Amino acid sequence: MAHRITYKPQGRLLSSAVGEIQVAVDGDFVDVTLTATGGIIILSERYYAYGGYVTLYDLGSLIEAEMRTSGLSTADFTLRVFSDTQNNKADSCVLHILYCDRFTVCTDIPAFLRENFLTTLSMRRVAPGSTLSLFFYAEQGESIAYNVAHSFSKAGSDVIFQHTIIADSGKTAASSGVVQINIALSSVIADAASFATARLGDITLLSFTVRCGQRSISCFVDYSLDDRETFYFRNCFNVFDFATLPVLTTAKTDVDRSLAVINGKSQFYNQSTAKTYEVEATRLTSDEAGWIDQLFSSYDVFRIEPDATNPDEPLVLAPVLITDCTCEVQNGDEKLNTVKFTWRYTDNRPIVRLSASPGIFTSPYNLSLIHI
């Protein structure tokens, strides 16, 4: 007789669905290791049997912690049970994991992956000038071609035009894993202008739908939104998602300091300054209100800040913390769904945005050349 893992999950498994794993033990104890891709050991313990069995609990939390560190949404983990003195008692299994930190009752993970992008918001609003990043899981050899069907209008016409962009035609996944595609609204507008024989400024993009295989996501361009107010975050599948919502933001600065009297004069010491931003989101759809809590619970949230001094990398990722949040969603039609939250930058110093010349002149501007 040998150590034996009594239940070995087959196929892709959600990390939140990694439940109890029972090991039948031949002897008094069993050594257990859980190893991530690349040989990283995230669990190595000896367990003593009770009634001939050892039960392993909450391996999903260990797996999710490792996947957050590595930034992966899919990964394989090897569970091995053995005794150092008798290697012939060893048993093992491989857990094929899809990161998901939410409870769900989905039992056919391959069907979900074939039919969905890695987001739970399949209908959303986007700001003009933004770039939509989408992630999906593809099996090796699967087509990763996609199309963007968009509707638009042009100045001086009441007609709603429709056209479709076909991208990455003939491309297939070199290996099984997560694929990222980026759709810049500027490129969609350029295609619309070419199709309608119009100038870029005469095109008003209304909506578009991205399709890849059986997957689809629909986006509506909301010209009241500001792309600079976007929050980027890792969603429940540990891939990057974004939230651009109509919000009212109140910036608050708190200065904390102590007062001392020295030689008959008062002065401050131990001064610290904290700046927070209180946000109230308005006019949310029920889908948005039900999805937005993934932003609040995300382990990785950031905003994009402009750096006017660097023409090569004019945008910088600035990590932020969601310090407080209230999300009230109801299924009636008498009250609006409300979302309020407070955020701050991870840096303890308040942010200040420095300006710089955009470099529109061929030689430096020289004040000495100006004569009045």
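Everything below is about the structure printed above this text.
The structure presented is a predicted model; accordingly, all values stated were derived computationally and were not measured. (Residues numbered from 1 in each chain as written. Predicted model: local features only at pLDDT ≥ 70, side-chain atom pairs only at ≥ 80, totals over all residues. Heavy atoms only, no water.)

Note that strand E16 (residues 231-234) and strand E20 (residues 301-306) share two bridges and pair antiparallel. Bridging across to E20, Phe233 finds its partner in Val301. As defined by bridge partners, E20 adjoins strand E21 (residues 315-328) across six bridges and the pair is classed as antiparallel. Each residue of the ladder has a partner; that of Val301, found in E21, is Val320. (Pairing = 2+ DSSP bridges. Helix = DSSP H or I, 4+ residues; strand = E, 2+ residues; numbered from the N terminus.)

This next bit is on the pattern of salt bridges. Using the criterion set out here, one finds 17 salt bridges in the structure. Note that Asp91 is salt-bridged to Lys8, the shortest N-O span being 2.9 Å. On the criterion of sequence distance, the pair formed by Asp91 in strand E8 (residues 86-98) and Lys8 in the loop between strand E1 (4-5) and strand E2 (12-14) is long-range, its members being 83 residues apart. For Arg12, the salt bridge is made with Asp76, and the minimal N-O distance between the two is 4.0 Å. With a gap of 64 residues between them, Arg12 in strand E2 and Asp76 in strand E7 (residues 74-83) connect regions that are remote in the sequence. (Salt bridge = Lys/Arg side-chain N within 4 Å of Asp/Glu carboxyl O.)

Attention now moves to the sheet that holds strand E19 (residues 265-281). Here we have seven strands laid out as an open sheet, ordered E17-E16-E20-E21-E22-E19-E18, and antiparallel in their pairing. The sheet is open, and its two borders are formed by strand E17 (240-243) and strand E18 (247-262), each paired with just one other strand. Strand-to-strand twist across the sheet, computed as the mean angle between neighbouring axes with direction ignored, equals 35°. Where E16 meets E17, four bridges bridge the pair, whose relative direction is antiparallel. Each bridged residue has a counterpart across the sheet, and for Arg234 the counterpart in E17 is Phe240. (Axes fitted to C-alpha atoms, helices over the stretch in contact; angles between N-to-C directions.)

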